[in-house]
Every structure is written in structure tokens, then in C-alpha cells.
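Examination of the molecular architecture
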Amino acid sequence: MKPNSGTLVINIMNGGKAEAYEGVYQCTARNERGAAISNNIVIRPSRSPLWTKERLEPNQVREGDSLVLHCRPPVGLPPPIIFWMDNAFQRLPQSERVSQGLNGDLYFSNVQPEDTREDYICYARFNHTQTIQQKQPISVKVFSMDSLNDTIAANLSDTDIYGAKPVTERQPVLLTPTGSTSTKVELRGSVLLLECIAAGLPTPAIHWIKEGGELPDNRTFFENFKKTLKIIDVSEADSGNYKCIARNILGSAHHVISVTVKAAPYWITAPRNLVLSPGEDGTLICRANGNPKPNISWLANGVPIAIAPEDPSRKVDGDTIIFSHVQERSSAVYQCNASNEYGYLLANAFVNVLAEPPRILTPANKLYQVIADSPALLDCAYFGSPKPEIEWFKGVKGSILRGNEYIFHDNGTLEIPVAQKDSAGTYTCVARNELGKIQNEVQLEVKDPTMIIKQPEYKVIQRYGQVSFECIIKYDSTLLPTVIWLKDNDELPDDERFLVGKDNLTIMNVTDKDDGTYTCIVNTTLDSVSASAVLTVVAAPPTPAIIYARPNPPFDLELTGQLERSVELSWVPGDDNNSPITTFVIEYEDGLHEPGVWHYQTEVPGTQTTVQLKLSPYVNYSFRVIAVNEIGRSQPSEPSEQYLTKSAKPDENPSNVQGIGSEPDNLVITWESLTGFQSNGPGLQYKVSWRQKDVDDEWTSVIVANVSKYIVSGTPTFAPYEVKVQALNDLGYAPEPSEVIGHSGEDLPMVAPGNVQVHVVNSTLAKVHWDPVPLKTVRGHLQGYKVYYWKVQSLSRRSRRHVEKKILTFRGNKTFGMLPGLEPYSSYKLNVRVVNGKGEGPASPDKVFKTPEGVPSSPSFLKITNPTLDSLTLEWGSPTHPNGVLTSYILKFQPINNTHELGPLVEIRIPANESTLILKNLNYSTRYKFYFNAQTSVGSGSQITEEAVTIMDEGKMAGVLRPAVGAGKVQPLYPRIRNVTTAAAETYANISWEYEGPDHANFYIEYGVAGSKEDWKKEIVNGSRSFFVLKGLTPGTAYKVRVGAEGLSGFRSSEDVFETGPAMASRQVDIATQGWFIGLMCAVALLILILLIVCFIRRNKGGKYPVKEKEDAHADPEIQPMKEDDGTFGEYSDAEDHKPLKKGSRTPSDRTVKKEDSDDSLVDYGEGVNGQFNEDGSFIGQYSGKKEKEPAEGNESSEAPSPVNAMNSFV
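Quick caveat: nothing in here was measured; it's all calculated off a predicted structure. (Residues numbered from 1 in each chain as written. Predicted model: local features only at pLDDT ≥ 70, side-chain atom pairs only at ≥ 80, totals over all residues. Heavy atoms only, no water.)

Here the focus is the overall build of the chain. Of regular secondary structure, the chain possesses 8 helices and 85 strands. Of the contacts made within the chain by residues no fewer than 6 positions apart, 64% connect residues no fewer than 24 positions apart. When the accessible surface of the chain is split by element, carbon and sulfur atoms take 51% of a total near 65,800 Å². (Helix = DSSP H or I, 4+ residues; strand = E, 2+ residues; numbered from the N terminus. Contact = heavy atoms within 4.5 Å. Areas by Shrake-Rupley, 256 points an atom, 1.4 Å probe, with all protein chains shown as cover.)

Structure, rendered in C-alpha cells:
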């Protein structure tokens, strides 16, 4: 044994036999603290025995038959390498027909005449002894069918029947292995070799499959003409049945090899040295795996722990030793032995019980210098037991350093991530434990960074000219800078033409060879900066125009300095084509995982032609380089040579780990799998671990294949779980993953909210309260509460209708909500349900509530009939929505003179059960305006307006021709707009009105928020329609609206007020809003419109209006008919007697318009104020049935109805 060493030297060069030293050796190192032992070392002498003598008979075989030449080499240590050669020491050629087996034998699937020879020689090479042993030559003679037939023919007469059978083709038969099945055991991590060699004619082809699986990618290789299957780095997943199939045109044969992969012990957690102070606790953990499961045994100072001196602070628990309240005498070296039938592991771990006061190893007053805005690391190397606590102070009497601006490392180092000028000063490190305290001071100086404030610039200079590059710097006054100039990353040429000044570089008498990149480098003891510029030398004028183009691709890529995680790549730039290269882009291809796909790696400045590349494990790299200039990118270079990095443990774990149950009794754990590039090695798997949170439970783990989901069954409903997923491959585990919180599956809530109370705020709004359900009964993520409510009946009509349930959802753990949009004086029901991610829970008992009375809507209509000299008859309809019990009607009216001035207002209260009223004692030939509304106990509703006129006295009526029809009706005055009605939804409202006056009036709508002082908003109505849809309204807002006509100054309808509906209640979808239905109705309306136009044209051909005789009888010019063009009164000419009837001629002589003349109004077909909204908020007044009209009298109207009226007529 060497002096002062544990090395044992065995020297047999001077005599002695190696066999004398054969055996098992083990080293033990011992001192007063304990004893450590080494692994067993086995020494065996190499052997290269001679071939046993044997008599070899010549092999005579018929052409086409199979043949095996046995080698049977002597048993050596290590085993020899076998090969076949001839007498000339030339290797015998091998092919699919002739090949050497794993046992060294030479197999012929079928022999041919050219196989005849006498020098088949098997050689055994023993590498360790550097000797080669030769077997005696083997003779093979092949009889061909032709020669055999010639021999038989020579010995028989011509009359004899002779002739050997020709070569017969045969189906495959396996020469090795024999039988239909066999078994093989291989160790984890080694190479699996399976062999199948078959006989047959023609020569069979061999094919391999794995039953119930696929051969592993990237680890499977075929050798010896596919007769040998080779799988490297085998693992337990490679166990299974492998089938080889030999096939030719006549058939096939197969053999199944059952492979079992065993494993010698390998570490999961090897024991590590442990330093404890007296009284502390600690553990030694020794965990290993293998197949079969290894046995764990412990030794103390090389002695089995069962017979080692007893230590009361030590307790052995399987693969763990637990230390409690250790003392200094507990120091020892422990050995862990993990063994099975295939091998063993041995590891030493020193448990050192030490009591030492703190010591600081960093020199006192050490000076640290850093550049501003860079990190500063102040060391405080320490030692002590128990482990000292480290604190840092700044200044002599400074306070302890804390906060995000400092980073405190476990080794005592203080890191200032971004040092500023005010960070300079004295820093004190204090180390203390139970046995004492010590401190040390260090100094920090922060310097200004070195900067190049004026960098060299790109220059183009003519040949034989002079050029200068500037490099002006700014630096810290306490630092001494040095400036170096380089040309193309090399020293400047030794030429007196290059003049280096303090702040510049000047080149005199420039030549072509001066073309290149010049770099100014400024170095100090703490930092270094550089700047480059390109010099382009051009010929003196005249010169042809320079052609600029993309650079040529780089070439001669070379890889050097190959390490496990890095490699250096260099290349030669291609021609820049008169535009300097600014950047080189480096890309890589992973031939192992993504062949043919190139990825971005990095990029470097155009002046750089080498780069150090960071690599990942288990990647087959190829690199290429692309040059870039101002014109564009070059073509990629040719790929570099391939470089396969070694495998390693995964560096990262799967991302986006989640635990979400899909059923009430499971937990679905999902994650984003690692890519092949991230796997770092073969055999990528995942260790999925979970345990129920807030329960004293151990982690449950399972290792799964390369998938992205695992389902845990049998979990309690909606229980929190801690989940983590760790990647592993054949080389080990990734770092410990972080934990995420998930939940098992949700189930429907169990109970309904209780104590549901309703507080009616007003006639259209109610507030509902409820008690929250216990969170345990929610059985899921609480999403909120849903309130179902519906109208049972109206208290005023006592009539039921289709129940339309509305739903309001209140998010979160709210316990109250508002129910808007209720109908006054109605009975409602509601219930409340809790909602989670699975759905709704049971409903609470139905709660009944009633809304109070409200103000009614306007009366459905107001008609004025039977005019006399001093009386008018009024008829009206009750409100569509009474919203309570009607108490009375209020009628207000006042006279209007010719200047539209209003007279005194008269008010009459009418009982609620009345529907007609005769007003007497009125002035003759006077126009009156009427205001009419209904009342409940709450108040008055919106009013409806109308105008009418009493007839003239008898004296003035003597010379007037009374109209033939309609004399009993009041003729309304025009122009006027009346019966403005609105039907509002959430964000829009349908406005309709009745118009009487000159034709071709252009209407407009003015609207605004009720009670607001803002200006009215104006919308123009296209054409002469009597309806319009206002869009873009705010839900739940009251609006005012009025209708006007262009050209009639100051002429508008009275105002109407409406309110848009609430946005929260859900509605049912009606067929009237479906696209197919609206399209169908539009098509039908178009057809009807075309038919009406045709009828109108045919009816007006040759039509006359015989009123000439009647006009002659009218002496009063005020009652002459109105002209069509300007609305003024005039006479008819004789020429007009033969023209079709004009619209102006429809006016009767008493200046009133008959009801029949406007019988196509929207009110008649859309029921006026009775227009309603469908369940989804769409207005259906335009599509409702036409009202019953009074009998028509007089001449029929020649005016074609509008498209809207045509649609209404159809419906």
C-alpha cells in the first residue's frame, strides 16, 4: 500500500502469478470519528485458453440445403471476439444468405456451388491478453444437381432411367433459436440482443414485431441483415413478447422470445452527510429501487447495525435512520447497502455531531468594486455548529438590512441586484449561534460605467484617400482605461499608415486591403465596452453603379469544443454583395425529435463568425447560419455536422397543471406534456401525486406514460386536493414540482335557500331577500342564485294567460335582488335556487306577492261623432292596461280659433262605467281640442287628444251642398298628427301615428330623456310612412317623443312618454323574430304589392270625376277644392274633367275629411295604441289583425295602399 494513501498496488511484473491475487477486496478507512468502507472490488486474472483438439469431418452438402459451421470457441475471461477468415487472412463475405450468429457459428440459409472451399477458419480474439486463437480449417463441398446428373449418366446405359431431382425450393425453417418459443432475461440499462436465423430457398427475409406494442423509437436497431434485433438502454417497459418472422415466397416461420427486464439496485435517494449540533434531530434516508425489490441493510462504522454499539439517539425504521437529541458521541459513519440477486449499492454517510462557535472565513475589510447599475455580491463565508444565523448591517451603527432591494443567499452572501452610487460604504456581516457571535466588515465602492459617447461610424472612402474613425469615451476618474483598435477582430496591421490618436484612428493612403471592420475596445479593471464601424474602399471615379444584393450564404461550418451543454460554432461569411452584413442568424434542427424542422437559436453581429451555443440534453443537433444585410436575408448555409448530446434528467416539469373533477366522485388531473426537446432523455414519464387538502393524509403517487391526463376515482364530492406532476425519464426525476390546488367533481346543490321574503317597492318593482345556503351543501363552486318569477294573473281582469317565467341571476353570495319590470295590480309567484358549476339546486317554496295599483294607460281610442250646431258625441274605449280599478275618466276641452289660439279649458269627470258622452251647448262652426284620460286611485294615466268642429248654422248652410255620405260624422281638421303611440322594448321603441293633411308630407321624430333639459334628438322618416323604429335606447329609461312634418313650421304632435324595458329578465323566443318567418312575410308582401299596383293602373285608365256641375253650385270660394301641387284652394278647369282623379279632389266642400278617405292608416290595421310587444321584445302591432271598419260610403279611394298596409291586410 502506498505511503499516506489508501491505494493498494499489486505488481506481478517481477514474478508471481496473477491467480494468487484472485478474490474480493474491500477498503476500510477509520479514525476516532468512525469508519468508512468501499464497494467490493473483484480481481480475476484474464484467460485465453487454447482450442481443444477435435477431428473435423468434411461437410458434403447438396445445393440449396442449409448448413451450420460450429465455432465453439474456448471459454475465456473476458469472452473472445469471434470472426471467420480464410487461409489468406481475408474475412469471409457475409450476406442475407450467409451470416455469423451471436454464438460465433456460421449459418448458411442455403448453400450454393460457390460455397465450396476448404478454409473456413474460426478465429477467437482475446483483447485483454492481445492473443488470437485459430480453429482448424473446416471443409465444405457443395454438390450441384448438374454435376450429379452427369455422374449418374456415365454409369448407366442409355436405356436406363436416370436424373437427380433439380434444386427444390423450400419454405423457411428457423435454424436458431429452436422451437416455437424461448425466454431471455436482460438487465435494465443494458443492450438487448435477440437473434433469428432461418433456412429456406429462396433466402428468407426476417421481420421483427413486439406483440401488443411498438418497438421503441430511437432505441431500436437492426444488425446482421435484420437477423439481430438490438434495443439499447432497456427499461422495464421493454419487457414483453418479441416475434421474429422468416418469410419467402413459399411461406413463413416464426419464433416468440419472451423478454423479462430485471434491474440491479439503483438509487432513488442516497444517504448524505449530516452535520448536527448537540440536542438536534435528523434523519438519514436510503431509498433504492430494482427488480426484484432490493433489500436495505444498515452498518455503523462498517459493522452491521444490529451488533454495533447501541446509541439511544438512533432508531432504524426500514430505509430511514432517525436521530433524536444527538450527543457528540453519536458521531459515526453509516453505510447503506441495497442489494438483490443482480447487484448491490453501497453508500457512506458521515453523521458529525459538532459544537463549534461561529467563524467567518471571508478576509476582514475586503474591498469590492462594481459598476453602477450592476449587481454587487458581498461574501460572508462562515462555519459553525449549530448553523449560525447571518445578519447584515450597513455602516457602523446601521440597522439590519431587509427588503426587496437585497437578496440574502444561504451561504451568507449579500447580493445587491442593482448597485447605485449611494450603495457604496461599509457593510458588516454578523454570524451568531448558541455558542457565540462574530462579525466582519467589508467595503463596497460603486464606479461610474465606461461609455463610448461618440462611436466610430460607417465610412465609404475612395482608394488612396484618408479616413478617420472617432472613439470618444467617458469613464470613472478612479479607473484607468485602455483603448485598443482592432481590424476584423485582429490587431491592426504593422503599418505606419495607421495613426492611433487619443480619441481616433486615422488611416492614410487607403488601399483595398484596408477594407473591413474596425473596432474600438475600451477596457478598465471592472468593465469593457466596444463599438465597431465598417470601412468600404471603392475605386476612384468614374466607377460603375454599385449593385447591392442579399449576401451569399456562409460556408465551412465547424463544431468545436463539444461539451454536454455547449458547443462552439464557427463559419466563413459569404460575399456581402456590396452591403455589409449586419447580423448572422443561427438555426438548429433536432434530428432526433423533429427532423426537417429548423428552429431559431440565436443571432450575433455581422462582425462575429464564432458563437458559443447553449445546448439541451438528448438532442441530435445540426446547425445552419443565415447572413442578413440591409437588402435582406441570404439562403441558409449547408447544415453542420450532427452532434448528439448526452441524456440527462428533465430540467423542468409539465406546466398548466390543473385538478378539476368531471364527475362527483373523481378528480381529473391534466397538464401540458413536455416536448421531445424538453424530455432530456429517453423514457419520458410523469409522476402524478395527489392528496386531500386539510386532511392528515400521505401523498398518493402513480407513474404514467407520456400522456397529459390522469383520472383519480372514488373521491369525495368537491373536496380540495393538492396536486403535483413531476417529469422523469430513464436518468431520473426533474426538480420537485410546485403544488396546485384542485377540486374533485361538483354535484348539484342539496338544499334550497330559506326564509324567502318579498318587499314590494312600487307597482313595477319588488325586492326579494333570502338566507344563503350553507357552503357545505353547495357541493361545488358557488356561482350565485337564480330567482324564477312569473305573473299568475291580473287582479283587474281576473283572467289567466300563458305563464312566462322570467329568470334573474345574481352572481356570488348575494342574499337579495331587485325584480324590475313588473306589471301593476297583478299577482306573482317566485322561488329561489342556488347555482354551482354543475347546475341548479332545488327550488325554494313558491312565494306569492302582489303589486299595488298604478296609473292606467291611455284610453284605447277616442271617437267624435254626430256633430250638430251645438253638440258633439264622444265615444271611447277603456285603457288596454288599466293597472288597477278605474275610478273615473277626465275630459278636458277648449275651443281653437282661426289663429290657433286656445280658449278657456273646461274639465268634466265621467264615471268609469261610461263609454259615451254628448257634449251640448257648444258654439257652432267652432273647432274644439279634447284631452281625455283615465284614472285609478293612484292617479291619472297618459291622455289621448282629438280635435273636432261643430257644423255651421242653418243660414250659412242654405247654399252649401251637403256631402252625399258621411254627413253624420265629424270631419277632422288637417293638417294634424294624432294618436301617437309607442311600444318599447329594452333598447328600441316602435313609434306610430295617424296623419291627416296634404299628401307627400315628410315626417321626422324628435325624442329625448324625460325630465332632461338636453336638446331634442331628431330622426328623419324615409318616405311617407306612419311608423318608425327608434334604436340604441338605454334599457329602463323614460323617454319623451313627438312627431312633426317637414315644411309645416311649428307643426308637431303632442308629446308622448314611454319607458324602455329592463335588460335583466330573460324572455322567450317568438316565431315573429325568426329570420325565416320575416323573410317569408316580406316575400308575400312584395307579391301583394305588385298585384295592387297592377289593379291600380288598370282601374285608373279612362276614369273621370263628374263634379263640374256640383262646383258651379258653390258660390263660397272658401269651400273650393284644394290644388294638388301646393295645397291651396282653386277651381277645376274643363280640361281636368277627363283626367284621372287627383288626390286633392277628394276633399268635400265643407273642408272636412271623411273617415273613409284615410281608412288605410296604421291604426286601423295595427290597432293603434293596442300595439304590443312579443315575448322577445319585438313589436307586433304592425302584424296584428285589421280592426272592424265602418261601412264605406261614397267614391272608393284610388290611392294604392302602402307596403305596410298591404302587409297588414294580408295578415
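Back to the write-up after that little detour.
Below, the discussion takes up the sheet that holds strand E66 (residues 765–771). Strand order in the open sheet formed by 3 strands is E65-E66-E69, and the pairing between neighbours is antiparallel. A strand with exactly one partner marks an edge of an open sheet, and here the two such strands are strand E65 (754–762) and strand E69 (816–819). Averaged over neighbouring strand pairs, the angle between their axes works out to 20° when direction is ignored. Here E66 pairs with E69 via 4 bridges, running antiparallel. (Pairing = 2+ DSSP bridges. Axes fitted to C-alpha atoms, helices over the stretch in contact; angles between N-to-C directions.)

Going residue by residue along strand E12 (residues 138–143), you find Ile138, Val140 and Val142 tucked away on one face and Ser139, Lys141 and Phe143 left uncovered on the opposite face. Taken together, the 4 bridges between strand E5 (residues 59–62) and E12 define a ladder with parallel strand orientation. Bridged to Asn59 within E12 is Val140. The pairing of strand E10 (residues 117–126) with E12 spans 2 bridges and is classified as antiparallel. Note on E12: the bridge partner recorded for Tyr120 is Ile138. (Buried < 20%, exposed > 50% of the residue type's maximum accessible area, 1.4 Å probe, protein only.)

Once that is clear, we can look at the pattern of salt bridges. Any two side chains of opposite charge can pair, so long as their charged atoms come close to each other. If you walk through the whole model with that rule in mind, you get 30 salt bridges. Here Asp119 and Arg117 are joined by a salt bridge, their closest N and O atoms 2.7 Å apart. Take Asp119: its relative accessible area is 12%, and that puts it in the buried class. Accessibility expressed as a relative area gives 27% for Arg117, which makes it partly exposed. Close ionic contact of Lys454 with Glu470 constitutes a salt bridge, the shortest N to O distance being 3.7 Å. Note that Lys454 is positioned in strand E40 (residues 451–454) and Glu470 in strand E42 (residues 467–470), a separation of 16 residues in sequence. Residues joined in a network through salt bridges with shared partners are Arg62, Asp65 and Arg170. (Salt bridge = Lys/Arg side-chain N within 4 Å of Asp/Glu carboxyl O.)

Take the side chain of Thr1037 next. Examined against the element boundaries, Thr1037 turns out to sit in the loop between strand E83 (1027–1030) and strand E84 (1038–1045). Accessibility expressed as a relative area gives 17% for Thr1037, which makes it buried. Within the structure, the side chain of Thr1037 is placed 3.4 Å from the backbone oxygen of Pro1035, a separation counted as a polar contact. Setting aside residues no more than four positions away along its own chain, Thr1037 makes contact with Val1009, Phe1058, Glu1059 and Thr1060. (Polar contact = N/O pair within 3.5 Å; in protein donor to acceptor, adjacent residues only side chain to side chain.)

What follows concerns the sheet that holds strand E74 (residues 888–896). The strand order across the open sheet formed by 4 strands is E75-E74-E77-E78, and the pairing between neighbours is antiparallel. Looking along the sheet, the strands with just one partner apiece sit at the ends: strand E75 (906–911) and strand E78 (944–949). The sheet shows a mean angle of 25° between the axes of neighbouring strands, direction not considered. Both strand E77 (residues 927–935) and E78 contribute to a ladder of 6 bridges, which runs antiparallel. Pairing of Tyr928 across the sheet is with Ala948, part of E78.

With that out of the way, let us pick up the state of the cysteines. Enumeration over the complete set of coordinates arrives at 5 disulfides. Here Cys196 connects covalently by a disulfide to Cys244, the sulfurs 1.8 Å from one another. Across the disulfide from Cys196 to Cys244, rotation about the S-S bond amounts to roughly -65°, and the bridge is consequently left-handed. You can see Cys196 sitting in the loop between strand E15 (192–195) and strand E16 (197–201) and its partner Cys244 sitting in strand E20 (residues 240–248), a full 48 residues away along the chain. (Disulfide = S-S within 2.5 Å.)

Taken as a whole and judged by the stated rule, the model has 22 aromatic pairs. Note on Tyr406 and Phe408: the rings are 6.4 Å apart at their centroids and 40° apart in plane angle, and the pair reads as tilted. Ring geometry for Trp876 and Phe932: centres 4.8 Å apart, planes at 45°, overall tilted. Of this pair, Trp876 sits in strand E73 (residues 872–879) while Phe932 sits in strand E77, placing them 56 residues apart in sequence. An aromatic cluster of three or more residues is present, and its members are Tyr588, Tyr621, Phe623 and Phe677. Just above the ring of Tyr120 sits the side chain of Arg117; from NZ or CZ to the centre is 5.7 Å. (Phe/Tyr/Trp six-rings, centres within 6.5 Å; stacked < 30°, edge-to-face > 60°. Lys NZ or Arg CZ within 6 Å of the ring centre and 35° of its normal.)

Right, let's talk about unusual backbone geometry for a bit. Negative phi values dominate among residues other than glycine, just as trans dominates among peptide bonds. Omega for the peptide link from Asn291 to Pro292 comes to 5°, which places this bond in the cis form. Relative to the helices and strands, Pro292 resides in the loop between strand E24 (287–291) and strand E25 (295–300). The omega angle of the peptide bond from Ser385 to Pro386 is 0°, so this bond is cis rather than trans. Residue position: Pro386 is located in the loop between strand E34 (382–385) and strand E35 (389–394). In this structure, Asn218 takes a positive phi of about 65° despite not being glycine. Within the secondary structure, Asn218 sits in the loop between strand E17 (205–210) and strand E18 (220–223). One non-glycine residue, Arg779, lies in the positive phi region at around 55°.

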